[in-house]
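Understanding the architecture of this molecule
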Amino acid sequence: MPTPAADRLEELLAGLNEPQRDAVTHGDGPLLILAGAGSGKTRVLTHRLAWLVHSGRASHQEVLAITFTNKAAQEMRNRVELLLGRRTRGMWVMTFHAACARMLRAEAPRLGYTRQFTIYDQADARRLTKRCLEELNVDTKRFTPAAVHNQISDAKNKLRSADDVRELVGSRFEEIVGDVYDAYEREMLRMNAMDFDDLLVRAVNVLELFDEVRERYQQTFRYVLVDEYQDTNHAQYKWLQLLAGEHRNLAVVGDDAQSVYSFRGADIRNILDFQDDFPDAAVVKLEQNYRSTQTILDAANAVIRNNRGQIAKDLWTEVGQGDPIRVRELDDERSEARFVVGEVQRLIDEGVSRQEIAVFYRTNAQSRVIEDVLVQRDIGYQVVGGTKFYERAEIKDALAYLTLLGNPQDVVAFTRVANTPRRGIGQTSMSRVTAFATAMDMSVWDAAANPAAVPSLGAAAIKAFSRFMGTMEGLRERAAQGVPVGDLLEAVLHETGYVDALEAERTFEAQGRLENLTELVNTAREFDASADPGEDTLDVFLQQVALVADADTREDEGLVTLMTLHNAKGLEYEIVFITGFEDGVFPHSRALDEGALEEERRLCYVGITRAKRDLTLSYARQRMVFGSQQYGLRSRFLDEIPFELTDREQTDVVRQPGARVSWAASRADAPPPEAVDFRIGQDVAHAAFGEGVVTGIEPGGIVVIRFARDGSERKLMAEYAPITRR
DNA sequence: CGGCTACTATTTTTT
DNA sequence: ATAGTAGCCG
């Protein structure tokens, strides 16, 4: 007679394939789950969580499940609750950053922070970097805050301190980075602020420095599960080692072939070397794909095979062969957009639902022309990504006001709001006050509250600061009394004149901003309703909101979805279009310069494997880039897809009857200057350099040709160079 | 101080 | 093309 518990365990395993089962029921010790695209990885993760609890190995508070996105965390939580049949409050299912922030809310005082520390997003961090650069009298044009901050961020992700950076200085730039890093760190501590990277670094610090803290968390989390392990950076890796290194109950899930975030510090070696870190690790490979047709999988497998140093995986499916992959060449990005949207329209007419269709592209800028055509044809669509809710200026302003009320040391928040809306506080006065605060080692708030004491501040500025701080003092009092966040926010927006200023604008845009603010007030009220009474609600709200990129995106049903390939990771659609398959666009020219071709190829793999049954790849011979016409070559990735998997009729050009006349004639204006026989856009072959395309013609019989082999652009004498037309 | 013009730098970005 | 910013002028 099976016990009810045994029944439930059996139920959990029902419908799982062999390797999935192995992963779910793995007992103690390290576990590496190599989950190919569409192999049911979320299923394995959630079932394993439930299995750990059901089998009595751990209570639900003793499991730590880590994801990269809030969305993934939320989905995992929901699915685990379904499996367990109850709420999972107290279960740590969250992002790296949220888990670290939560840890630090308790432990930050050990590092000299208060529990109310502010979390800076990238824009805030950049602004502070700029201030530090200016303080050090560095030319911010030659050394941009963005570039310097990227370096700092990079160092932090590798757990390298400012001193570490300074020890290895090889250029003026690196010297500046070291100096700014050092100043930046001091400023952050002084302002009681942490950026996204700090959350990870400081969490590692606290675990390394304090044995009792580390031991406590090690005992608390008896099992650690990590999703998307291929995207972890060194700090995250270290954090996991510290938490799980002792009991070694670390299960990681990932796919090295889908590592596409190295530019953000992700280190693919983490997953490749897992077995070196844990020689006794159990390894499970999930290769059966439940998403796509065999044709699509074959294409993906073929493309990724061109990368070196991958963990061998071969996706297969029981779904069947399916249709060939469609490959289309178009004249330019406009025809490409018209083609894609035309196909979308056709599919919709055939009864396909809009939400089953997605269009991917390499860069955000490519979406515009597609959107134009969708609007023209009145097809409902949504763009995923782009400007996030919490990155909008009005939202950041409102949150900066709240931040300043909770953390009067926060100079970044202060400078953001002091003159927003305009109240006659200019750059000069602002700097005088912040410099004075720094010099006197007092908070900006206190410095601004007594402007008369600030040297060389003009009478008008003194008055402006006094008025502003009068308002703020009143608000601060209410904040200190623990007024609900929603009410406080409402008061902030009205009493500071923010709403008035927007209303006075009387523009369509301002109207939208007001609506966004209303949305934010609603979010705050929802938070108030569910908050634990007695907690510092304002601080908790701000820290929580800082780690969420987007307001709950109610994914509108019935819309065609547009997004970058990066955003597509983890998603799936019946029908997928990937546009811009041109060398320079995809793979991106900058990636080519930096030798990051393999990562681009993984991105291609990600894109292809999103499609369930229908995949169309398109490229344009000519494209407007940064306002000027570029002539690209078909992406090398296209040629890595076996010919027989596609519907291409000829090796290179697919001609659609009537789709285009002659190349030169299709250019309405300004035909390229004639020289010998060559025309811009023409396919040519060179005896030594191989195949290429004419990208320019210069006086004196010189043709400019971009060659496929190495992507180089060369100027050649048309008359003498060994060039033939193709 | 604030508004205007001119110039420039443009990948991807879960947090 | 375009957005964001630096610098100049009222």
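Residues numbered from 1 in each chain as written. Chains lettered and ligands numbered in written order. Predicted model: local features only at pLDDT ≥ 70, side-chain atom pairs only at ≥ 80, totals over all residues. Heavy atoms only, no water.

1. Regarding the UniProt feature "binding site: ATP" (unreviewed entry) in chain A
Within the UniProt annotation, "binding site: ATP" (unreviewed entry) is assigned to Ala-35, Gly-36, Ala-37, Gly-38, Ser-39, Gly-40, Lys-41 and Thr-42. With respect to the helices and strands, the residue Ser-39 is situated in the loop between strand 1 (31-35) and helix 3 (41-54). Setting aside its immediate chain neighbours within four residues, Ser-39 contacts Gln-20, Leu-286, Gln-288 and Tyr-290. Here Gly-40 is to be found in the loop between strand 1 and helix 3. (UniProt positions renumbered as here; feature names shortened; annotations may be inferred. Helix = DSSP H or I, 4+ residues; strand = E, 2+ residues; numbered from the N terminus. Contact = heavy atoms within 4.5 Å.)

2. Regarding the packing of aromatic side chains
Inspection of the entire model under this criterion finds 14 aromatic pairs. Centroid distance Phe-274 to Phe-278: 5.0 Å. Interplanar angle 45°. Geometry classified as tilted. When the centroid spacing of 5.3 Å and the interplanar angle of 70° are considered together, the rings of Phe-586 and Phe-637 count as edge-to-face. Of this pair, Phe-586 sits in the loop between strand 13 (573-578) and helix 28 (589-593) while Phe-637 sits in the loop between strand 15 (628-631) and strand 16 (683-686), placing them 51 residues apart in sequence. Summarising the burial analysis for this pair, Phe-586 and Phe-637 share the class buried. Positioned over the ring face of Trp-92 is Arg-102, at 4.5 Å from the centre of the ring. Here the guanidinium or amino end of Arg-476 rests over the ring plane of Trp-445, the centre of that ring lying 4.9 Å away. (Phe/Tyr/Trp six-rings, centres within 6.5 Å; stacked < 30°, edge-to-face > 60°. Buried < 20%, exposed > 50% of the residue type's maximum accessible area, 1.4 Å probe, protein only. Lys NZ or Arg CZ within 6 Å of the ring centre and 35° of its normal.)

3. A short note on the environment of Met-442
Position of Met-442 relative to the elements: it lies in the loop between helix 20 (427-440) and helix 21 (444-449). Measuring from C-alpha to C-alpha, the distance between Met-442 and Gln-409 comes to 8.1 Å, with 33 residues separating the pair along the chain. Residues within four places of Met-442 in sequence aside, it is in contact with Arg-190, Phe-436, Ala-437 and Ala-447.

4. Some points on the sheet that holds strand 7 (residues 250-254)
The six strands lie next to each other as 3-2-6-7-1-8, forming an open sheet whose pairing is parallel. Pairing within the sheet leaves two strands with one partner each, and these edge strands are strand 3 (92-95) and strand 8 (282-286). Neighbour-to-neighbour, the strand axes of this sheet turn through a mean angle of 15°, independent of strand direction. Sitting on the sheet, helix 4 (residues 70-84) is in contact with strand 2 (63-67) and strand 3, with an inclination near 160° to strand 3. Contacts from helix 5 (residues 96-107) reach strand 2, strand 3 and strand 6 (223-226), with the element oriented near 115° to strand 3. (Pairing = 2+ DSSP bridges. Axes fitted to C-alpha atoms, helices over the stretch in contact; angles between N-to-C directions.)

5. Some points on unusual backbone geometry
A cis amide bond, omega 0°, links Thr-420 with the succeeding residue Pro-421. With respect to the helices, strands and loops of the structure, Pro-421 is situated in the loop between helix 19 (411-417) and helix 20. Omega for the peptide link from Phe-586 to Pro-587 comes to 5°, which places this bond in the cis form. Its place among the elements puts Pro-587 in the loop between strand 13 and helix 28. The phi dihedral of Leu-159 falls on the positive side, at around 60°, and the residue is not glycine. Structurally, Leu-159 is set in the loop between helix 7 (145-157) and helix 8 (162-167).

6. Side note on the packing of helix 16 (residues 333-349) against helix 17 (residues 367-376)
Where helix 16 meets helix 17, the closest approach of the two axes is 9 Å, and the angle between their N-to-C directions is 50°. The orientation of helix 16 with respect to helix 17, classified from their angle, is oblique. Judged by the sense of rotation from one axis to the other, the crossing of helix 16 with helix 17 is right-handed. From helix 16, Glu-333, Arg-334, Ala-337, Arg-338 and Val-341 reach across to helix 17, where they touch Val-369, Ile-370, Asp-372, Val-373, Leu-374 and Gln-376. When grouped by side-chain class, the residues that make up the contact of helix 16 with helix 17 number six nonpolar, one polar and four charged. (Parallel < 35°, antiparallel > 145°, perpendicular 65-115°, else oblique. Left-handed = near helix turned anticlockwise from the far one by under 90°. Nonpolar A, V, L, I, M, F, W, Y, C, P; charged D, E, K, R; others polar.)

7. A word on the protein's contact with DNA strand C
Around DNA strand C, the neighbouring residues are Lys-130, Arg-368, Phe-626 and Gly-627. Taking all atoms of DNA strand C within 4 Å of the protein, the share assigned to sugar and phosphate is 54%. Lys-130 is positioned with one of its side-chain polar atoms (N or O) 3.4 Å from a phosphate oxygen of DNA strand C. In the model, a base nitrogen of DNA strand C is placed 3.3 Å from a nitrogen or oxygen of the Phe-626 main chain. Partitioned by chemical class, the residues of the surface near DNA strand C number one nonpolar, one polar and two charged. (Near = heavy atom within 4 Å. Polar contact = N/O pair within 3.5 Å; in protein donor to acceptor, adjacent residues only side chain to side chain.)

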